[in-house]
Amino acid sequence: MTKTNAGRFFEDYAVGDVITHAVPRTVGAGERALYHALYPARHAVCSSDQFAQSCGLPASPLDDLAAFHVIFGKTVPDVSLNAVANLGYGDGRWHRPVWPGDTLRSESQVIGVKQNSNGKTGVVWVRTRGLNQRDELVMDYVRWVMVRKGDLDAPAPETVVPALAPVVDPATLVIPQGLDFRGYDFALAGEPHRWGDYQVGEVIDHVDGVTIEEAEHMLATRLWQNTAKVHFDATNRADGKRLIYGGHVMSLARALSFNGLANAQMIVGLNGGAHANPCFAGDTLRAWSEVLDHAETDAPGVGAIRLRLVATKGAAGVLRGEDGKYHPDVLLDLDYWALMPT
């Protein structure tokens, strides 16, 4: 008998299974420093205790995507160690901020399975919950991933595809306790643009670009303990390339979006997301956003804005080709709700 973990294959998942992921991890101020070293992250609420306190919070929380990466990383050995690709995200909510000193752990429930027609792979849907040391829900989301079969002769399971709402109902978004943007300092935040200044359909070119480096990608992948073989082992792909971790692309694009969306301070909902095309070291990533919707909240001075964030190697505003498929330059298509001063 072997004591090592080869990871789960498609035939190892059954709808209803609940997986407790190892290992809990305590995050500190160093997590923020490393996150800001890896990405040009500058959103003020997650950068300054003083600014966060002026907005009604006790201190500056960890960046929302950094918290997501910790929670996501816990799931990889059990969900996507043998993945071909992480296909998408949806129905996600951030339920409370993560503070330095919090300990995060994850658990997932299998909510869908579908074997692909080639008989060699299948798609698995899981709902993941991230919890803190008080067993409070920090965030939850659904993701679906294509996983290899270990036994090609294993029978195909009954297909179950979960029905997911295309958009998180803004009435269900959780606003951090005490958040108040009535005294918001636009000069310190970096831009004057308010919630009402953004029009549905508006496209914002975030202008700047970042060339992807192997070293930074590997640091990020190790930091959040994403052990998927495609990110580490160059022999795992026929082209001999290591696939850039999707969370790395996500955080780079979010950080680049500061230029034009500096006041989209906190992410609170994940409507959908897709890693449209593979990203490799040497690619130069740029970002653009489209305003999709607005919603009011009960928090003083706080509005919710729905944004599409696109990471691309090409031009702003280009998403799909004439065939309806993602343009080959598009790397990430992320649909989310953020909080912004009104």
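The present account deals with the structure reproduced in this document.

Reading the values: rules and limits
- Residues numbered from 1 in each chain as written.
- Predicted model: local features only at pLDDT ≥ 70, side-chain atom pairs only at ≥ 80, totals over all residues.
- Heavy atoms only, no water.
- 1 Å grid on protein atoms, 1.4 Å probe; cavity = no way out; pocket = protein on both sides within 12 Å on 5 of 7 lines; lining within 4 Å.
- Points joined across faces, edges and corners; volume = space filled by probe spheres on them.
- Helix = DSSP H or I, 4+ residues; strand = E, 2+ residues; numbered from the N terminus.
- Nonpolar A, V, L, I, M, F, W, Y, C, P; charged D, E, K, R; others polar.
- Axes fitted to C-alpha atoms, helices over the stretch in contact; angles between N-to-C directions.
- Parallel < 35°, antiparallel > 145°, perpendicular 65-115°, else oblique.
- Contact = heavy atoms within 4.5 Å.

1. A word on empty space enclosed by the protein
Taken as a whole, this structure holds four cavities of 30 Å³ or more when the rule is applied. Space inside the largest cavity adds up to approximately 100 Å³. Lining the largest cavity we find 13 residues, and of these Tyr-35, His-43, Asp-63, Asp-64 and Arg-254 sit closest to its centre. Counting residues per element, the lining of the largest cavity draws most heavily on helix 7 (residues 246-256), which supplies three residues. Split by residue class, the lining of the largest cavity holds six nonpolar, three polar and four charged. Its volume calculated, the second largest cavity comes out at about 70 Å³. Lining the second largest cavity are Asp-64, Trp-94, His-95, Arg-96, Pro-97, Val-174, Ile-175, Pro-176, Met-266, Ile-267 and Val-268. The element contributing the most residues to the lining of the second largest cavity is strand 8 (residues 266-275), with three residues. Of the residues contributing to the lining of the second largest cavity, the split by class is eight nonpolar, one polar and two charged.

2. A few points about the packing of helix 3 (residues 64-79) against helix 7
Interaxial distance between helix 3 and helix 7 falls to 10 Å at its minimum, and their mutual angle equals 175°. One finds that helix 3 runs roughly antiparallel with respect to helix 7. In contact with Leu-65, Phe-68 and His-69 of helix 3, helix 7 contributes Gly-247, Met-250, Ser-251 and Arg-254. Considering only residue class, the contact of helix 3 with helix 7 consists of three nonpolar, three polar and one charged.

3. Quick word on the layout of surface pockets
The probe, sized like a water molecule, is rolled over the atoms to show the empty space still left. Approximately 450 Å³ is the volume attributed to the largest pocket. As for the largest pocket, its lining consists of 29 residues, and the residues nearest its centre are Ala-85, Asn-86, His-231, Leu-243 and His-275. For the lining of the largest pocket, the secondary structure elements donating two or more residues are strand 3 (83-94), strand 6 (137-148), helix 6 (229-232) and helix 7. A class-by-class count of the residues in the lining of the largest pocket yields 17 nonpolar, nine polar and three charged. Of the volumes computed, that of the second largest pocket is approximately 180 Å³. If you go around the second largest pocket, you meet 14 residues; those closest to its centre are Arg-96, Pro-97, Trp-99, Pro-176 and Gln-177. For the lining of the second largest pocket, a count of residues per class yields seven nonpolar, three polar and four charged.

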